[in-house]
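Structural characterization, general
Residue-level listing of the chains:
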Number of protein chains: 2
Amino acid sequence: MAAGNLLIAQGGGPTAVINCSLVGVIDEAKRLKAKGPRKIIGALRSIDGLIEEDLIDLGKESGSLLKKIYNTPGAALGSCRRKMQEEDYGRILEVFKKYDVRYFLYNGGNGSMYTAHKINKLAVETGYELNVIGIPKTIDNDLAHTDHTPGFGSAAKFIAAATREIGWDIKSLPTPVSIIETPGRNAGWLAAASILAKQEDGDAPNFIYLPERKLKLDSFFADVDSSYSKYGRAVIVVCEGLTDESGQYLGAVKSEASRDGFGRGLPGGAAAFLAEKVNEVLKLRARYEKPGLGARASVRYISEVDQKEAYIVGKTAVQLALKGTSGVMVTLERQKEKKYICKTGTVVLESVAIAEKLIPADFINEEGNNVTEAFIEYCRPLIGKPIASFPSLASHKLNMNNSLKQSRVTSAKVS
Amino acid sequence: MAAGNLLIAQGGGPTAVINCSLVGVIDEAKRLKAKGPRKIIGALRSIDGLIEEDLIDLGKESGSLLKKIYNTPGAALGSCRRKMQEEDYGRILEVFKKYDVRYFLYNGGNGSMYTAHKINKLAVETGYELNVIGIPKTIDNDLAHTDHTPGFGSAAKFIAAATREIGWDIKSLPTPVSIIETPGRNAGWLAAASILAKQEDGDAPNFIYLPERKLKLDSFFADVDSSYSKYGRAVIVVCEGLTDESGQYLGAVKSEASRDGFGRGLPGGAAAFLAEKVNEVLKLRARYEKPGLGARASVRYISEVDQKEAYIVGKTAVQLALKGTSGVMVTLERQKEKKYICKTGTVVLESVAIAEKLIPADFINEEGNNVTEAFIEYCRPLIGKPIASFPSLASHKLNMNNSLKQSRVTSAKVS
């Protein structure tokens, strides 16, 4: 293998810890400088910048700045929404040749892994020595063959904390029905994670609806009504990708600019839609919350476990590339120990690219309106330190029979 | 004045610091125990619990628990949505007589101040010695005769931080149009506070729309388009109480269960409505975020200035009541010093009860799509420590002419 330069790009939507992987790559590439690579190149705006040769020298970034970038949301290199064309892959190889790029690390979700796979294939076919390693990343946790994805733990913590805070507020001033919408198109992992908000029976979330199960409106109304009857409130968490029985996204923005390849609108209106329906049908006051991008951009709820793992998968990618490995994505493999431990592994890019990991059946209850204990066990370690629990007043009932009567006597003396 | 018992209740919607006022009241009442009051009584569920004699002995709460309650969202005593009836005031006085309550502190917004005013009036008319003091509280900052309200600073910090985080994410992966909705029915203070997110030209928020100005859709589209043309993105902040030119809430939930006294729907759909319109009319992909109750329930963005002031107004209320003052609300008066300092003052309850403080004209720009420098100066000290600023990579352009060429030579030697 020719020693050469390393290029890293960040694809798809950012996470709260995406830059930890970037810093992991830079740190490890610097540490292993003796064995190459000579240059650590960053592609600005992902594939867009790569194709336009909008490249920077990451080796020149100062250590103190990188420490700050480690804790900064958004993709520090920038990302893009490019729909890849066949000719793009050839152009990318041209750029790699021009800059002597021999290690290409791509940090992204399954779309990005597909791109990485195609680039790897073309390099092999055309005899260009190139090591391509995928670094997993997505708040949606929908990548196959990895226990979970870096970015999910922090977003899960955000959703759980927001649900607990909002639920606590509502407990003190009941709104009959409150619906919280989480990100997630086909996989409901983040909605499911809201279960970590619950401390006691009756606490938010009272029910969770996932895109893995089509929503039956009648069952939904019955659930809402039962929670309202029992607790005087219902805090419901729904995934933005929730569909009706015909498979249409609930409350999707349907205008042309937002329609997807299947003619479906852009999801992200399920909570608004259901709140209006609850108002109409159950005649209960209903509101909705949609923290949206906050789930992936908030640095206040970062999971320290997630952050560390994001850093490690970045480092591991460099190690693999320098060893001559290519065409794989780094994975996280949960060990069977009692204490939570994840080691890194690998999986071929192609099998990640074509898959989407939905929530398995044993993580969803039979009624399809909540998650199981098995899911809680899976998810709990990923958010790191537990979210803050809130105390209630001890609320000692006022005792009228002694001090109050006594005080009235005293009061009479004083007045 | 007869020495007697003190009763505190929390009214209306909670804030992130409402319990700081409660702890301030308890601490001060304990400290001044020698001069009375003998009992510190808490009414659970606000006026509902007061009328039903659901009362607790706050003097028995442990100091260590109160320290935790100080940092807990939601109303620790509980609140309610009661629509007061004339007979309720008489019943409240009955309860006060039964429990020898001589000091009534009510922590709330203008609705609560109206209730406090009516109770005070009835006590005077019927010759029952009672000191009624209002403690201000609302994230909406819409109380008259006070520089600002406890609760606003923390909610403002939350909105500014969320706008900066979401804006930073979008800067790294542009969504053409993103609309963030903030709480606020008639007063746009929280939407306005999002301006504190902006670090540089082009940063979020690009425009802010307030309910103090009716929205002209054509101007809105022109604004969005101008930002998109210039920066490739538009991050817009709107207040949930935004109305169209006919005065109707944009995107309000209009079903019967949510209609208000004026037949208007429940606000809280402006962002969803405008995102759909932008999709339709400008043919630009648009999404929306609605952090909603998070603004008042999140303990991760508490302003230490707000927290301290909330505590102080609670303490001051006890001092005033014990001095024999009645029928006033504690206010915050900003001093004219260079450094931000607020002292407490008072205003008669009636004049707070009947007023709603909208954003004054000199805080809104001429076009009605942003705030002025004067507003920024007003708002900045209230959020306490500034929100985290995010760094960008230095982005040293890759220099092909020396090391890369050189590296290619080396590479040739190696291979």
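1. Focus on the overall build of chain A
- If you tally the helices and strands in chain A, you get 14 helices and 11 strands.
- By principal-axis analysis of the C-alpha atoms, chain A measures approximately 95 × 55 × 40 Å.
- When each of the 415 residues of chain A is scored for burial, the buried share is 59%.
- Long-range pairs, those at least 24 residues apart, make up 75% of the contacts in chain A with a sequence separation of at least 6.

2. Points about the sheet that holds strand S8 (residues 234-239) of chain B
Residues and elements named next belong to chain B.
- Strands sit in the order S7-S8-S6-S9 across an open sheet of four strands; the sheet is parallel. Since the sheet does not close on itself, it has two edges, and those belong to strand S7 (207-209) and strand S9 (286-289), each with one partner. Going across the sheet, the axis of each strand differs from the next one's by a mean of 20 degrees, ignoring polarity.
- The pairing of strand S6 (residues 177-182) with S8 spans six bridges and is classified as parallel. Paired with threonine 182 across the strands is cysteine 239, a residue of S8.
- Docked against the sheet, helix H6 (residues 152-172) engages S6, S8 and S9, running at close to 170 degrees with respect to S6.
- Of the strands in this sheet, S6, S7 and S8 are in contact with helix H8 (residues 217-231), which crosses S8 at around 150 degrees.

3. Section: the packing of H8(B) against helix H9 (residues 270-282) of chain B
All names here are of chain B.
- Packing of H8 against H9 brings their axes to within 11 Å, and their N-to-C directions diverge by 75 degrees. The angle between H8 and H9 falls in the class roughly perpendicular. Contacts between H8 and H9 involve Leu217, Phe221, Val224 and Asp225 from the first element and Lys277, Val278, Val281 and Leu282 from the second.
- A class-by-class count of the residues in the contact of H8 with H9 yields six nonpolar, no polar and two charged.

4. Let's talk about unusual backbone geometry
- Following A:Ala204, the chain continues into A:Pro205 via a peptide bond in cis, with omega recorded as -5 degrees.
- Position of A:Pro205 among the secondary structure elements: in the loop between helix H7 (189-193) and strand S7 (207-209).
- Phi is positive for A:Arg45, which is not a glycine, with a value near 50 degrees.
- As for its placement among the helices and strands, A:Arg45 is situated in the loop between strand S2 (40-43) and helix H2 (46-51).
- Phi angles above zero are rare outside glycine, and B:Asp100 is one such case at about 50 degrees.
- Tracing the sequence through the fold places B:Asp100 in the loop between helix H4 (86-98) and strand S4 (101-108).

5. Some remarks on the relation of the copies chain A and chain B
- Once turned by 180 degrees and shifted 0.0 Å along the axis, chain A lies on chain B with an RMSD of 0.0 Å. Here the transformation between the copies is reduced to the relation of a two-fold axis.
- Here 98% of the interface residues in chain A have copies in chain B that are interface residues too; the copies meet face to matching face.

6. Details of the interface of chain A and chain B
- Across the boundary between the two partners, chain A contributes 80 residues, which contact 78 residues of chain B.
- Listing elements by their share of the side of chain A that touches chain B, those giving two or more residues are strand S3 (55-57), helix H3 (63-69), helix H6 (152-172), helix H9 (270-282), strand S9 (286-289), helix H10 (294-297) and helix H14 (400-414) of chain A.
- Along the lines of polarity and charge, the residues of the side of chain A that touches chain B split into 34 nonpolar, 24 polar and 22 charged.

7. Notes on the nonpolar core
- Grouped together as the largest cluster of nonpolar side chains are 270 residues, with contacts concentrated most on A:Leu105, A:Ala192, A:Val238, B:Leu105, B:Ala192 and B:Val238.
- Once you skip the residues sitting within four places of it in the chain, B:Leu105 turns out to touch B:Leu6, B:Ile8, B:Val25, B:Ile133, B:Ile135, B:Ala317 and B:Ala321.

8. Observations regarding the domain arrangement of chain A
All names here are of chain A.
- Structurally, chain A comprises domain 1 (5-150 + 301-353) and domain 2 (153-298 + 358-383).
- Facing 18 residues of domain 1, the contacting portion of domain 2 comprises 18 residues.
- Here the side of domain 1 that touches domain 2 is composed, by residue class, of nine nonpolar, six polar and three charged.

9. Focus on the environment of A:Glu289
Residue and element names in this part refer to chain A.
- Turning to its location among the elements, glutamate 289 is positioned in strand S9.
- Of the residues examined, glutamate 289 has 27 C-beta atoms within 10 Å and is grouped as buried.
- The spatial distance from the C-alpha of glutamate 289 to the C-alpha of leucine 382 is 24 Å, given a sequence separation of 93 residues.

10. Comments concerning the sheet that holds strand S10 (residues 328-334) of chain B
Residues and elements named next belong to chain B.
- In space, the seven strands of this open sheet follow the order S3-S2-S1-S4-S5-S10-S11, with mixed pairing throughout. Either end of the sheet is taken by a strand with one partner, and the two such strands are strand S3 (55-57) and strand S11 (342-348). If you compare each strand with its neighbour and ignore which way they point, the axes differ by 30 degrees on average.
- Sheet topology places strand S1 (residues 5-10) next to strand S2 (residues 40-43); three bridges connect them, and they run parallel. Within the sheet, the bridge partner assigned to leucine 7 lies in S2 and is isoleucine 41.
- In the packing of helix H1 (residues 18-31) onto the sheet, contacts are made with S1, S2, S4 and strand S5 (131-136), and the angle to S1 comes to roughly 175 degrees.

11. Side note on the packing of helix H4 (residues 86-98) of chain A against helix H5 (residues 110-125) of chain A
All names here are of chain A.
- Where H4 contacts H5, the axes come no closer than 10 Å and their chain directions differ by 65 degrees. The pairing of H4 with H5 is recorded here as roughly perpendicular in orientation. Between H4 and H5 the crossing geometry is right-handed. Of H5, the residues touching H4 (which contributes Tyr89, Gly90, Ile92 and Leu93) are Lys118, Ile119, Leu122 and Ala123.
- A breakdown of the residues in the contact of H4 with H5 according to their chemical character gives six nonpolar, one polar and one charged.

12. Some details on the pairing of S8(B)
All names here are of chain B.
- The element S8 is largely enclosed, with a buried count of six among its six residues.
- Burial along S8 is two-sided: Ala234, Ile236 and Val238 facing one way and Val235, Val237 and Cys239 facing the other are all buried.
- In this sheet, S8 lies alongside S7 in parallel orientation, the contact comprising three bridges. The residue bridging isoleucine 208 from the neighbouring strand is valine 237, located in S8.

13. Quick notes on helix H5 (residues 110-125) of chain B
Residue and element names in this part refer to chain B.
- For H5, with 16 residues, the first-to-last C-alpha span of 22 Å sits near the 22 Å given by 1.5 Å per residue.
- In this structure, the buried side of H5 is in contact with helix H2 (46-51), H4, S4, S5, S10 and helix H12 (349-353).
- Phi turns positive one or two residues past the end of H5, at glycine 127, with a value near 70 degrees.

14. Overview of the confidence of the model for chain A
Residues and elements named next belong to chain A.
- Summing up the model confidence of chain A, the mean pLDDT is 93 and the portion of residues at 70 or higher is 93%.
- Of the regions scoring below 50 in pLDDT, residues 405-415 engages in 14 contacts with residues more than four places distant in sequence or in other chains.
- Reported for the predicted complex are a pTM of 0.94 and an ipTM of 0.93.

15. Re H6(B)
- A rise of 1.5 Å per residue sets the reference length of H6(B), with its 21 residues, at 30 Å; its end C-alpha atoms lie 30 Å apart and thus fit the reference within 8%.
- Among the 21 residues in H6(B), 21 count as buried, and that is most of the element.

16. As for the pairing of S9(A)
Residue and element names in this part refer to chain A.
- Because side chains alternate across S9, one face comprises the buried residues Ala286 and Tyr288, and the other comprises Arg287 and Glu289, equally buried.
- Across four bridges, the pairing between strand S6 (residues 177-182) and S9 is parallel. Opposite serine 178, over in S9, you have arginine 287 as the bridge partner.

17. With respect to the environment of B:Gly59
- Residue position: B:Gly59 is located in the loop between S3 and helix H3 (63-69).
- If we ignore the near neighbours within four places in the chain, the residues touching B:Gly59 are B:Lys30, B:Lys39 and B:Ile40.

18. With respect to the environment of B:Ala355
Residues and elements named next belong to chain B.
- By secondary structure assignment, the location of alanine 355 is in the loop between H12 and helix H13 (373-379).
- Owing to 15 C-beta atoms within 10 Å, alanine 355 belongs among the partly exposed residues under this scheme.
- Between the C-alpha atom of alanine 355 and that of alanine 144, which follows or precedes it by 211 residues, the distance is 6.0 Å.
- The contact partners of alanine 355, leaving out residues within four places of it in the chain, are Asn110 and Ala144.

Analysis parameters
Residues numbered from 1 in each chain as written. Chains lettered and ligands numbered in written order. Predicted model: local features only at pLDDT ≥ 70, side-chain atom pairs only at ≥ 80, totals over all residues. Helix = DSSP H or I, 4+ residues; strand = E, 2+ residues; numbered from the N terminus. Buried ≥ 20, exposed ≤ 12 C-beta atoms within 10 Å, placed from the backbone. Contact = placed C-beta atoms within 7 Å. Pairing = 2+ DSSP bridges. Axes fitted to C-alpha atoms, helices over the stretch in contact; angles between N-to-C directions. Parallel < 35°, antiparallel > 145°, perpendicular 65-115°, else oblique. Nonpolar A, V, L, I, M, F, W, Y, C, P; charged D, E, K, R; others polar. Least-squares fit on C-alpha atoms with pLDDT ≥ 70 in both. Core = buried A, V, L, I, M, F, W, Y, C linked by C-beta atoms within 7 Å. Domains from an automatic or database assignment. Left-handed = near helix turned anticlockwise from the far one by under 90°. Expected span 1.5 Å × (residues − 1). pLDDT = per-residue confidence, 0-100.

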